[in-house]
Structures are given as C-alpha cells and as structure tokens.
Amino acid sequence: MNGMRFEEVYSASCIVVENLKKNGPNQQLRGQALGVFKVMRSFDFIFILHLMDNIMGITDTLCQALQRKSQDIVNAMKLVSTTKILLQQFREDGWDKFLVNVESFCNRHNVDMVNMNSPYEEGTSRTCQQRDQITMEHHYHFDMFNTTIDYQLMELKHRFDDVVVELLSLSAALSPSDSFRSFNEDKICMLAEKFYPQDFNPQDVRVLRSQLMHYKLDVVCDSEFHKLSTLAELCRELFVTRKFMDYSMLDKLIRLVLILPVSTASTERAFSCMKHVKTAIRNAMGDEFMADCMLLNLERDLGFKIDLESVIDEFELLKTRRAQLS
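Treat the numbers as computed from the prediction; the structure is a model and nothing was measured. (Residues numbered from 1 in each chain as written. Predicted model: local features only at pLDDT ≥ 70, side-chain atom pairs only at ≥ 80, totals over all residues. Heavy atoms only, no water.)

## Notes on the packing of helix α3 (residues 43-67) against helix α5 (residues 95-108)
Between two packed helices, what matters for the description is the angle formed by their axes and the separation of those axes.
Then, in step 1: Between α3 and α5, the least distance of the axes is 10 Å, while the angle of their chain directions is 130°. In terms of axis orientation, α3 runs oblique to α5. Of the two elements, α3 crosses α5, and the hand of that crossing is right-handed. Together, F43, I46, F47, H50, L51 and N54 of α3 and W95, F98, N101, V102, F105 and C106 of α5 make up the contact between the two elements. (Axes fitted to C-alpha atoms, helices over the stretch in contact; angles between N-to-C directions. Helix = DSSP H or I, 4+ residues; strand = E, 2+ residues; numbered from the N terminus. Parallel < 35°, antiparallel > 145°, perpendicular 65-115°, else oblique. Left-handed = near helix turned anticlockwise from the far one by under 90°. Contact = heavy atoms within 4.5 Å.)

## Here we look at α3
Then, in step 1: Over its 25 residues, α3 runs 34 Å from end to end, which matches the ideal 36 Å to within 8%, given 1.5 Å per residue.
Then, in step 2: Along α3, the sharpest kink reaches roughly 45°, centred on T59.
Then, in step 3: All buried positions along α3 are accounted for by F43, I46, F47, H50, L51, I55, I58, T59, L62 and A65. (Expected span 1.5 Å × (residues − 1). Bend = angle between axes of the 7 residues up to and from the residue. Buried < 20%, exposed > 50% of the residue type's maximum accessible area, 1.4 Å probe, protein only.)

## Focus: the packing of aromatic side chains
Then, in step 1: Under the definition given, this model contains 16 aromatic pairs.
Then, in step 2: Aromatic side chains F47 and Y140 sit 5.0 Å apart centroid to centroid with 50° between the ring planes, which places their arrangement in the tilted category. In this pair, F47 is assigned in helix α3 and Y140 in helix α6 (residues 136-159), connecting sequence segments 93 residues apart. Here F47 and Y140 have matching classes, each one buried.
Then, in step 3: Summarising the aromatic geometry, the rings of F180 and Y215 are spaced 6.2 Å apart at their centres and angled 85° between planes, so their arrangement reads as edge-to-face. On the criterion of sequence distance, the pair formed by F180 in helix α8 (residues 177-180) and Y215 in helix α10 (residues 202-218) is long-range, its members being 35 residues apart.
Then, in step 4: On the accessibility criterion, F180 (4% relative accessible area) is buried.
Then, in step 5: Residue class for Y215 comes out buried when judged on its relative accessible area of 2%.
Then, in step 6: The structure contains a cluster of three or more aromatic residues connected by ring pairs, namely F43, F47, F90, W95, F98, Y140 and F145. (Phe/Tyr/Trp six-rings, centres within 6.5 Å; stacked < 30°, edge-to-face > 60°.)

## Describing the pattern of salt bridges
Then, in step 1: Going through the model one piece at a time under the given rule, you end up with ten salt bridges.
Then, in step 2: The partner of D150 in a salt bridge is R91, and the shortest N-O contact between them spans 2.6 Å. Pair noted here: D150 is in helix α6 and R91 is in helix α4 (residues 73-93), with a separation of 59 residues, a long-range link.
Then, in step 3: For D150, a relative accessible area of 31% gives the class partly exposed. (Salt bridge = Lys/Arg side-chain N within 4 Å of Asp/Glu carboxyl O.)

## Focus: the environment of N101
Then, in step 1: Within the fold, N101 resides in helix α5.
Then, in step 2: In this structure, the C-alpha to C-alpha distance between N101 and F47, residues 54 residues apart in sequence, is 9.6 Å.

## Some remarks on unusual backbone geometry
Then, in step 1: The backbone of D178 shows a phi angle near 50°, a positive value even though the residue is not glycine.
Then, in step 2: The residue D178 is located in helix α8 in this model.
Then, in step 3: Phi is positive for R242, close to 65°, though the residue is something other than glycine.

Written out as structure tokens, the structure reads:
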C-alpha cells in the first residue's frame, strides 16, 4: 500500500469509528466504538500498523508468485531468497528510517508520541518487579521490531528449508515453460536418484538418462510442445500424443513431482475451499459429492462454461419424475 493510500484509509477509518462512537444506534455499539477509537489513536497501533505494512510490502511479491496456479519454480525460489535478504536488511538497517516515518505519521494525525528515552514499564509500574531497566526505544526496537521480523524469517526458513529449495529447483528442470529453457538432464536424473530412491533404482536411473537423450531431440525440439507452460500441461500432452509410453520413466517422475504439495498453492487452496463447501449444514455429504463440489469451486473458469440447462435436461432424463425440473 503506498503512502497516500495508507493515510487515506487510516483517516477514513478514524472518521467512521468516531462517528459510531458519537452516533451509534445503541450504547453497546457506542462503547465498542469508543474502545476501538482509543486503540486506533494509540502509538502502539500506529507502530504495529507501519510494521505490518513494511513486512507485507516486502513479502507481497513472493506471496503473489506462490499463489499462481502456473508457477515458475526457479523464479519463485529466487524470490524466497530475495525476500529473506530484504527482511534481514530491514531488520539490520531499517529501524531509524522506520521510526522517523512512524513519528512523522503520528505528528500529522495528532497521535501522542512515546518518549523513547523513558524507562519501559512492563505490567505494573513497580520498579522492583521490572527486569533490567530498559528504555522504550529498546522495547520497541528489540522486543517488537526485531522479534516480529525474526519470526517472519524463521517461518520462511521453516517452509523453505534447504531440502525443499533443492527439490523444487531440481524439479524446475522438467518444466516446459519458455520452450524448455530450464531443461537439464543431469538435474532430472539427480532429482530421481536423490529424492525418489524408492521409485527409481540405479537401473531405472540409467534407463531414465537414456530416455532423456531421445526426449531432448524429440519433445524438447518439438514446436508443438513449446506452447506448453506447466508440468500438468506437459503430462497431459505426453498422454495425448502417446509419447508417455516411450518415456515411461520420465512420465513417472513428472507425475511424482505433480503431486508434491509444496510445488504449488493448490493444496492450501483446496483446504480453504473445503471450509466453504463442507459447512455445518452440509456436513453429511459423501466424499464423491464433496470432491465434485470442490472441483467446481476450484476450477470456476471451467464451471462458468457449463450449460446449466443441458445439465438439468440430462438429469431429468435419468428417470421419470413427478414434476418437471425445467
């Protein structure tokens, strides 16, 4: 969110909440609005708001890339690395500029600033119960600013550790995007040998390498296959052209990579969809019916192309009914 838009949203939100505080339809709503307004006008709220805006600004490009159905895995992994670097740079060098921006925002909106040189009091105000005397600046800098960024870095490291990054990077060698720009025989064989030892024994790897030699001169050089951009499309085209029979080991490896939950955002998208499809009212639906409903929800573009009238007509013809459906 850019600077002007950020301020416009905050100012508009304050006006709406203040109006509810004064003119709410009942006392309960006015009381809730009063509490929200006090929070919104506090330094803590402005500080956290700016911190979230900065972190989300850094991670947004990566989030968008990971949510695309058709991913460029190599570029996505590069974005993971650049996101980690930018977050680390923000942690090490961004505090002074960040604090200046927060102070400037508070001054423009008449929000009381915290005296950063005053002692920080945690819980009660009794000095004897406090840990080593620290300033407010120390609290906001190290306990909030650094800790929040460290958590983001830890989450990225957890989700994209070295093993996952290597797996996805090697998988990219199978991608048909940009006319098989990332195709690499050695990486494909390493992928099978290192990550799928139970599916590919040494003899299978040798067969795979032999098939790749033919595949490189056949499929990789075929202009019809250059139109493809995803592994799913490649797998489908190999089946349609019956080439999967000639490149059985490669086809097997592609299918194994396609079911990787870490390779796309499809798994998370499916679980999200499940919450909307299987509600408390529809909790008795069978697995097959639920799968069909989820498929329609996930593939909405295809769903819009379905002629509902023809579906009703076909359903009506299945057996004699007391009333017409159309």
